[in-house]
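# Analysis of the macromolecular model
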Amino acid sequence: MTSIDDSNKEKLRSVSVDLNNDTSLLIDIPDALCERDKVKFTVHTKTTLSAFQKPDFSVPRQHEDFIWLHDALVETEDYAGLIIPPAPPKPDFEGPREKMHKLGEGESTMTKEEYTKMKQELEAEYLAVFKKTVQVHEVFLQRLSSHPVLSKDRNFQIFLEYDQDLSVRRKNAKEMFGGFFKNMVKSADEVLISGIKEVDDFFEQEKTFLLDYYSKIKDSTAKAEKMTRSHKNIADDYIHISATLNSLCAEDSTPNKKNLEKLSDLFERLRKVEGRVASDQELKLTELLRYYMRDIQAAKDLLYRRARALVDYENSNKALDKARLKGKDIAQAEEHQRQCLQKFDKLSESAKKELTSFKGRRVVAFRKNLIEMAELEIKHAKNNVSLLQGCVDLLKSN
């Protein structure tokens, strides 16, 4: 069982992926409780909007409730021209648990000091995963609350305000297969739609850019994950080096013992710095890249919906031509064409605003996080230099 205490709340919100200057609807997750594979989130809302019954309230929610809300927004026809914020990924604590299990199996091959430090590292990793899980769920709600249209959605208000269990069940096998089949149809549909000639240069450029950008973000995410793992592995190696030096120190009765003690202490301190480097890179860079992989996919889904509307409009033109040629059902065909055109124009207008806003939000988020990460990298590098220099000076004096 894991929960967030007050001291960790500010760290939890240290990564922002949105621009939210509106204080009329503020949402955060101040507390969460992990029980086995389930995480119970406390969703806190503070508002001045009259649509809500109270100005300040909290409700308990689970991951399935977030997925229900996301799916409800995606399936709402009126939101087809909007970028629906990506659903938070399912909580996954299997990695840290598997490592903890392996550590338990290998306890007999380690010294007590090594085992204790490795266990502390894994507990810290588990807590970090838990914090990130809470953060991505919080960001999803904050994206919705800052959106001028989605923030007024009735299902969103129910999610925030209804103080009982939403009773959202997990999808059964039939529904999951239906969702898989729907994605298969969508993928095939996208191939067919890709051959349709774009009528607006803005959307043609956006489609080209997002496809290329998604590929680059995906590649950058993989490299960032590899870099973070390398720093974590270095921190783990420092544990073994420090423990080995400590063991040699315990068996050494010569004047060299003090030098071994200092070296052991140095690697222990370097381990802590390296651990913070890995943690900061994970938080400031890797998590941001992962989020924007999902967000770019949401933007691509918007372009797909608009392309689908364009295909429908072109098909309505063909149907109207056939109706006129046959002299039958002309009025119905004209009305259908008018509705398709109206839907396409409305969707295009909304999509253009959404994609422009998306660009501004993305640039600000990356700029903010990269600056903060660079400052932290400099700070940790200075700490490393200071530790190494201090140790060298002590060894020289001896």
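Residues numbered from 1 in each chain as written. Predicted model: local features only at pLDDT ≥ 70, side-chain atom pairs only at ≥ 80, totals over all residues. Heavy atoms only, no water.

## Remarks on the overall build of the chain
Across its full length, the chain holds 9 helices and 4 strands. The N-to-C order of helical and strand elements in the chain reads β-α-β-β-β-α-α-α-α-α-α-α-α. Counting every position in the chain, which comprises 398 residues, the buried fraction comes to 41%. Across the chain, every contact between residues at least 6 apart in sequence was considered, and the portion connecting residues at least 24 apart equals 76%. (Helix = DSSP H or I, 4+ residues; strand = E, 2+ residues; numbered from the N terminus. Buried < 20%, exposed > 50% of the residue type's maximum accessible area, 1.4 Å probe, protein only. Contact = heavy atoms within 4.5 Å.)

## Observations regarding a positive patch on the surface
Together, Lys318, Lys322, Lys326 and Lys328 make up a region of like positive charge exposed at the surface. Relative to the elements of secondary structure, lysine 318 occurs in helix α8 (residues 256–326). A relative accessible area of 53% places lysine 318 in the exposed class. (Patch = residues over 30% accessible without salt bridge, like charges linked within 9 Å, V, L, I, M, F, W, Y side chains within 5 Å. Areas by Shrake-Rupley, 256 points an atom, 1.4 Å probe, with all protein chains shown as cover. Salt bridge = Lys/Arg side-chain N within 4 Å of Asp/Glu carboxyl O. Lys, Arg positive; Asp, Glu negative; His and termini not counted. Charge placed at Lys NZ, Arg CZ, Asp CG, Glu CD.)

## Here's the deal with the environment of serine 215
With respect to the secondary-structure elements, serine 215 resides in helix α7 (residues 201–251). Among the residues examined, serine 215 registers a relative accessible area of 45% and is labelled partly exposed.

## Some thoughts on the environment of cysteine 391
Relative to the elements of secondary structure, cysteine 391 occurs in helix α9 (residues 330–397). Separated by 132 residues in sequence, cysteine 391 and asparagine 259 place their C-alpha atoms 9.3 Å apart.

## Describing the pairing of strand β3 (residues 38–47)
In terms of strand pairing, strand β2 (residues 25–35) meets β3 through 9 bridges, oriented antiparallel. Across the sheet, the residue bridging to aspartate 28 is histidine 44, located in β3. By the bridge criterion, 6 bridges tie β3 to strand β4 (residues 56–61) in an arrangement that is antiparallel. Residue pairing in the sheet places histidine 44 in a bridge with serine 58 of β4. (Pairing = 2+ DSSP bridges.)

## Let's talk about the packing of helix α2 (residues 63–74) against helix α4 (residues 112–145)
At a minimum axis distance of 11 Å, the contact between α2 and α4 shows a crossing angle of 35°. Of the two elements, α2 crosses α4, and the hand of that crossing is left-handed. Judged by residue contacts, His63, Phe66, Leu69, His70 and Leu73 of α2 engage His137, Phe140, Leu141 and Leu144 from α4. Across the contact of α2 with α4, the residue classes tally to 6 nonpolar, 3 polar and no charged. (Axes fitted to C-alpha atoms, helices over the stretch in contact; angles between N-to-C directions. Left-handed = near helix turned anticlockwise from the far one by under 90°. Nonpolar A, V, L, I, M, F, W, Y, C, P; charged D, E, K, R; others polar.)

## Structural notes on the confidence of the model for the chain
The predicted model of the chain has a mean per-residue pLDDT of 85, with 87% of residues at 70 or higher. Mean pLDDT across the elements of the chain ranges from a minimum in helix α1 (residues 9–12), with 47, to a maximum in helix α5 (residues 154–161), with 95. Confidence drops under a pLDDT of 50 for residues 9–14, and excluding neighbours within four residues, the segment shows 17 contacts in the predicted structure. (pLDDT = per-residue confidence, 0-100.)

## Some points on the side chain of aspartate 153
Tracing the sequence through the fold places aspartate 153 in the loop between α4 and α5. This buried residue, aspartate 153, is left without a salt bridge; arginine 154 holds the nearest opposite charge, at 8.4 Å. Engagement of the side chain of aspartate 153 in a polar contact is seen with the backbone nitrogen of phenylalanine 156, the distance being 3.0 Å. In this structure aspartate 153 touches Leu73 and Tyr79, once residues within four positions along its chain are discounted. (Polar contact = N/O pair within 3.5 Å; in protein donor to acceptor, adjacent residues only side chain to side chain.)

## Thoughts on the packing of aromatic side chains
Inspection of the entire model under this criterion finds 10 aromatic pairs. When the centroid spacing of 5.8 Å and the interplanar angle of 35° are considered together, the rings of phenylalanine 52 and phenylalanine 57 count as tilted. Phenylalanine 57 gets classed as buried once you look at its relative accessible area, which sits at 9%. Between phenylalanine 202 and phenylalanine 203 the ring centres are 5.1 Å apart and the planes differ by 90°, which places this aromatic pair in the edge-to-face class. These aromatic residues form a ring-pair network of at least three members: Phe41, Phe66, Phe140 and Phe159. (Phe/Tyr/Trp six-rings, centres within 6.5 Å; stacked < 30°, edge-to-face > 60°.)

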